[in-house]
Amino acid sequence: MPASSPLFLTQTMKKGACIIAGSALMLGLGLAPAQAVGGGPNNNENGTTNTSILHTYDSMVAELKTQDAMQSALDLEVIGQSVKGRDLYLAKYISDPSNPTILFLTQQHGNEQLTTEGTLEVIKHLGSGRMKDVLKDINILVVPMLNPDGAMGDVNFSLDDYIASGDRHLTRYNANNVDINRDHVAKTQPEIQALHNNVLSAFNIDYMIDLHHQGTRSAINGELVSGSILYPTTTDVSEEVREGSKRLGSIVYQNVDSTGWGHLGKYVGGTANTIARNGIAAEYGISTLLFEMRGMSDHYNEDYVLGQKSNGYLRQQTILTLESTIKAVADGSVETADTSFWDTLPEQSTLLGEEADE
Ligand SMILES: [Zn+2]
């Protein structure tokens, strides 16, 4: 859209300096929108998401309970409640406490839902022949939709300017208007307390992937990316923990970037321990990886929201990320994964100004 349009000005006022700087960069470099990558990243021509096609909190819980009834290896546990009293779930597969353990966390930000959609598919696969064999060699913990109030738009502030169509809006923040991925040190919010007290402190976890969605306009080498990844960058983690994160990232990169539609950049993230990627690595010695998928389900800024025609490959990207890392941790290949790609992986930049997600 032209920089002079009323909508742009509205966004500029809302988003402050970030979008101005980003737009100036784009105009200065004269970048045109990048071409699609394979069948993957495209531009916004495919419109917005109708949120009615996404799982509701209730339908997600129903699916988890169905799988729990069908899968003997799966235990479903309530780890706490959200601000609005929704039960928060942990799906756990513990075959042997001495096995390596990986945790997958989705939807700290309520408007980043395809990560949860893909994760539910993986839970189904873990009950089928396709993935069942790995369970004897790994423990898997899944916390899906940590911010259900934000995901359901059941919050104590207005979402009137959010743009997705459908039966609900989804927002980044929890019901108290707090970004819970800035609460991993103070731990003031019930969702974060549940995660720390009943998951992170309760299990001996080796690896964790924190799944998010970023805006739609990030690119490397002039091509839009399907996502971005980053290891902990705080100074408060050992090199051993950071190396584990880099090896985990190597598995993700090898599997996703080779698909044709997958195109990954390096996320540009901060060093604060308030963020899960840093704080959880520092506090528990867990090798964490941030994965940011392209495009959000809802937002007040249209540059963040990706049309639902992209849902298929983004869900698939989540499934591939989870299943490839499950296999690599189970068979031990993660221990020897080559981390040298990190030295040359370009940091993504944005073709239009937008804030970092994480
Ligand atoms: Zn996020």
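See the structure printed just above.
Residues numbered from 1 in each chain as written. Predicted model: local features only at pLDDT ≥ 70, side-chain atom pairs only at ≥ 80, totals over all residues. Heavy atoms only, no water.

**Student:** Can you lay out the sheet that holds strand β7 (residues 223-224) for me, pointing to particular residues and giving the numbers?
**Tutor:** The strand order β7-β6-β11 describes an open sheet built from 3 strands, whose pairing is antiparallel. The open sheet has two edge strands, β7 and β11 (349-350), and neither has a second partner. As defined by bridge partners, strand β6 (residues 218-220) adjoins β11 across 2 bridges and the pair is classed as antiparallel. Bridge pairing in β11 places A219 opposite S349. (Pairing = 2+ DSSP bridges. Helix = DSSP H or I, 4+ residues; strand = E, 2+ residues; numbered from the N terminus.)

**Student:** Tell me what's going on with the pattern of salt bridges, and back it up with residues and numbers.
**Tutor:** Summed over all chains, the structure comprises 13 salt bridges. Put simply, K84 and D154 hold a salt bridge, and the shortest N to O gap is 3.9 Å. Linking K84 in the loop between β1 (75-81) and β2 (87-93) with D154 in the loop between α6 (148-151) and α7 (190-200), this pair joins segments that are 70 residues apart in sequence. D154 gets classed as partly exposed once you look at its relative accessible area, which sits at 27%. Close ionic contact of D137 with K136 constitutes a salt bridge, the shortest N to O distance being 3.3 Å. The class for K136 is exposed, based on a relative accessible area of 58%. The network of salt bridges with shared partners includes K84, R86, D149 and D154. (Salt bridge = Lys/Arg side-chain N within 4 Å of Asp/Glu carboxyl O. Buried < 20%, exposed > 50% of the residue type's maximum accessible area, 1.4 Å probe, protein only.)

**Student:** Residues and numbers for the nonpolar core, please.
**Tutor:** Burial of nonpolar side chains together is a common tendency in soluble globular proteins. Grouped together as the largest cluster of nonpolar side chains are 56 residues, with contacts concentrated most on F104, I140, F291 and I326. Counting residues per element, this core draws most heavily on helix α10 (residues 311-330), at 8 residues. Contacts of I326, omitting those with residues within four sequence positions, involve F104, V122, L126, M131, V134, I138 and I140. Membership of the second largest hydrophobic core comes to 20 residues, among which are L90, L141, I180 and A276. (Core = buried A, V, L, I, M, F, W, Y, C linked by side-chain atoms within 4.5 Å. Contact = heavy atoms within 4.5 Å.)

**Student:** For the coordination of the zinc ion, give the residues involved together with the corresponding values.
**Tutor:** With distances of 2.0 to 2.8 Å, the protein atoms coordinating the zinc ion are H109 (ND1), E112 (OE), E112 (OE), H212 (ND1), D357 (OD) and D357 (OD). Mapped onto the polypeptide sequence, the residues donating to the zinc ion form the spacing pattern H-x2-E-x99-H-x144-D. Of this pair, H212 sits in strand β5 (residues 207-214) while D357 sits in the segment after β11, placing them 145 residues apart in sequence. Overall, D357 belongs to the buried group, its relative accessible area being 3%. (Donors = N, O, S within 2.8 Å, 3.2 Å for Na, K, Ca; no water.)

**Student:** Report on the packing of aromatic side chains, specifying residues and quantitative values.
**Tutor:** Working definition: an aromatic ring pair is given by the centre-to-centre distance plus the angle between the planes. Counted according to the given criterion, the structure contains 6 aromatic pairs. Aromatic pair Y231 and W342: ring centres 4.8 Å apart, planes at 80 degrees, arrangement edge-to-face. Here W342 lies in the loop between α10 and β11 and Y231 lies in the loop between β8 (227-230) and α8 (239-257), a separation of 111 residues in the sequence. The class for Y231 is buried, based on a relative accessible area of 11%. When its relative accessible area of 3% is taken as the criterion, W342 is described as buried. By the ring-pair criterion, three or more aromatic residues cluster together here, those being Y231, Y253, F341 and W342. Over the ring of Y57 we find R86; its NZ or CZ atom is 5.8 Å from the centre of that ring. Across the ring face of Y231, the terminal group of K246 is positioned such that the distance to the ring centre comes to 4.7 Å. (Phe/Tyr/Trp six-rings, centres within 6.5 Å; stacked < 30°, edge-to-face > 60°. Lys NZ or Arg CZ within 6 Å of the ring centre and 35° of its normal.)

Worth remembering: the numbers are spatial, not functional.
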